Amino acid sequence: MVSAGDPPISFRWEKDGEPIQPALLDVNVEYINQYTSTLFFEKASQKHNGNYTCIASNLYASANHTASLTLNIPPRWIIEPKDVEVVQGSSVRVDCQAEGYPRPIIRWKQLVGAHGNPESFQTIMSSARMQVLENGSLLILEASPNDGGSFLCQAFNRIGPGLSKMLTITVHVPAHFKTKFNAQKSKKGDQVNLNCKAQGDRPITITWYKDGELLGNGTIPRYSKRQYDHHDGLTSQLSIHSVRREDSSVFSCRATNRYGHDDSTVELVVQGTESSFSKCNVDVSRTEYITSIVKGTFRLTRQR
């Protein structure tokens, strides 16, 4: 408002030293009378904070007045966090971003224990593998099963109640074997049980091979397979009935699930019993030698 001056008077508005473009700033410039200009904010937001200058001019002089506008705005989501999934050993980033004035503080918490009340969440402090980034996102490097669970992202600036969102991070475990190689011995005629214990997310399938060849059901009648579930995976057992020397082989099993696969090897050595041959004489016709076999050794004697 101009208190004195000869008309006509023109008005010009600036924000932070730059001319205002009403369409870009979402404001309206209204003229009450020839001495008054008003800046009208239909939907005030954080972008309107700043210093506003009204410049009034006529043919003889100009005058200006500057006023500061500060809007305290409660937080609102720019990116609301959501449930995420990650494969063990990979990295994952969970975005959680909010705006407001003053700028909201982002805080991450992780559920400790089985209860979901606020007291069960502990604040996450940035570490080598779990970091809270400057923009509010949570970064987990080389995720392990222990990193999974319920998380809480909070945004607050002391204006209003703030924001809070709970989400779940699921870490999937590829099928894998802790034991990569095993050697097993057996005697001829015994029953042998070869075991492959795989860990990982279910469902898991385990396939057996003998010397690189697939062992399907019924491939060798003396071979049978069965499986046992356990809390963190699956065990497959290959049974060989009345084992023979030709069963001495390298057996391998491959475990597969949706997130990966792994191989384990079992080397089977079948030991046979030593044979004793009774002493006997063999008459070789038309020769001058008799061959005697005693306990597997050969002795040549001249016939008299």
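Here the structure is shown first, and the text comes after it.
Bear in mind that the values here come from a model prediction, so they are computed numbers and not experimental data.

*Asks:* For this particular structure, what's the right way to read the overall build of the chain?
*Replies:* For the chain, the count of helices and strands is 1 helix and 28 strands. When the 304 residues of the chain are sorted by exposure, 33% land in the buried category. Counting contacts in the chain only where the partners sit at least 6 residues apart, residues at least 24 apart contribute 57% of the total. Carbon and sulfur atoms make up 50% of the accessible area of the chain, which totals about 19600 Å².

*Asks:* So what exactly am I meant to see when it comes to the sheet that holds strand 12 (residues 121-123) here?
*Replies:* The strands making up a sheet associate through backbone hydrogen bonding, with each pair oriented either parallel or antiparallel. Strand order in the open sheet formed by 5 strands is 8-16-15-11-12, with mixed pairing between adjacent strands. Looking at which strands have only one partner, the edges of the open sheet turn out to be strand 8 (84-87) and strand 12. Put simply, the sheet's adjacent strands are angled 30° from each other on average, direction ignored. Pairing of strand 8 with strand 16 (residues 163-172) involves 4 bridges; the strand directions are parallel. Of the residues in strand 16, the one forming a bridge with Val86 is Val171.

*Asks:* I tried to follow the pattern of salt bridges on my own but got confused; where do I start?
*Replies:* Once their charged atoms are close, side chains differing in charge can pair, the charge on each being opposite to the other. Taken as a whole and judged by the stated rule, the model has 11 salt bridges. With its nearest N and O atoms 2.8 Å apart, the salt bridge here joins Asp263 to Arg254. Judged by relative accessible area, which is 33%, Asp263 ranks as partly exposed.

*Asks:* Honestly, the sheet that holds strand 13 (residues 130-132) in this entry has me stumped. Any pointers?
*Replies:* Read from one edge of the open sheet, 3 strands run 9-14-13, paired in antiparallel fashion. In this open sheet, the two edge strands, each paired with only one partner strand, are strand 9 (92-94) and strand 13. Neighbour to neighbour, the strand axes of the sheet diverge by 15° on average, direction disregarded. As paired strands, strand 13 and strand 14 (residues 138-140) are joined by 3 bridges and run antiparallel to one another. Bridged to Met130 within strand 14 is Ile140.

*Asks:* Quick question: what am I supposed to make of the packing of aromatic side chains here?
*Replies:* The description of an aromatic ring pair uses the distance of the two centres, along with the angle that the planes make with each other. Summed over the entire model, instances satisfying the criterion amount to 3 aromatic pairs. On the numbers, 6.2 Å between centres and 55° between planes, the contact of Tyr223 with Phe251 is tilted. In this pair, Tyr223 is assigned in strand 22 (residues 223-230) and Phe251 in strand 24 (residues 249-257), connecting sequence segments 28 residues apart. When its relative accessible area of 9% is taken as the criterion, Tyr223 is described as buried.

*Asks:* Please explain unusual backbone geometry as it appears in this structure.
*Replies:* The bulk of non-glycine residues show a negative phi, and the bulk of peptide bonds are trans. Pro102 follows Tyr101 through a cis peptide bond whose omega is -5°. Among the structural elements, Pro102 can be located in the loop between strand 10 (97-101) and strand 11 (105-111). Phi is positive for Asp26, close to 60°, though the residue is something other than glycine. Despite not being glycine, Asp211 shows a phi value in the positive range, around 50°. Position of Asp211 among the secondary structure elements: in the loop between strand 20 (205-210) and strand 21 (213-214).

*Asks:* Would you mind showing me how to read the state of the cysteines here?
*Replies:* One covalent bond between the sulfur atoms of two cysteine residues makes up a disulfide. All chains considered together, the criterion is met by 2 disulfides. Residue Cys96 pairs covalently with Cys153 via a disulfide, S to S 1.8 Å. Taking the sign of the S-S torsion, -90° for the link of Cys96 and Cys153, the bridge is left-handed. Within this pair, whereas Cys96 is found in the loop between strand 9 and strand 10, its partner Cys153 is found in strand 15 (residues 149-156), the two being separated by 57 residues in sequence. There is no split in this pair, since Cys96 and Cys153 are both buried. Here Cys196 engages in a disulfide with Cys253; their sulfurs sit 1.7 Å apart. Taking the sign of the torsion about the S-S bond as the criterion, the disulfide between Cys196 and Cys253, at about -80°, is left-handed. One end of the pair, Cys196, is in strand 19 (residues 192-199); the other, Cys253, is in strand 24, with 57 residues separating them in the sequence.

*Asks:* Any chance you could explain the pairing of strand 3 (residues 27-33) here in plain terms?
*Replies:* For a regular strand, side chains alternate in direction, first toward one face of the sheet and then toward the other. Sheet analysis places strand 3 next to strand 4 (residues 36-41), joined by 6 bridges and oriented antiparallel. Bridge pairing in strand 4 links Val29 to Leu39.

The rules behind the values
Residues numbered from 1 in each chain as written. Predicted model: local features only at pLDDT ≥ 70, side-chain atom pairs only at ≥ 80, totals over all residues. Heavy atoms only, no water. Helix = DSSP H or I, 4+ residues; strand = E, 2+ residues; numbered from the N terminus. Buried < 20%, exposed > 50% of the residue type's maximum accessible area, 1.4 Å probe, protein only. Contact = heavy atoms within 4.5 Å. Areas by Shrake-Rupley, 256 points an atom, 1.4 Å probe, with all protein chains shown as cover. Pairing = 2+ DSSP bridges. Axes fitted to C-alpha atoms, helices over the stretch in contact; angles between N-to-C directions. Salt bridge = Lys/Arg side-chain N within 4 Å of Asp/Glu carboxyl O. Phe/Tyr/Trp six-rings, centres within 6.5 Å; stacked < 30°, edge-to-face > 60°. Disulfide = S-S within 2.5 Å.

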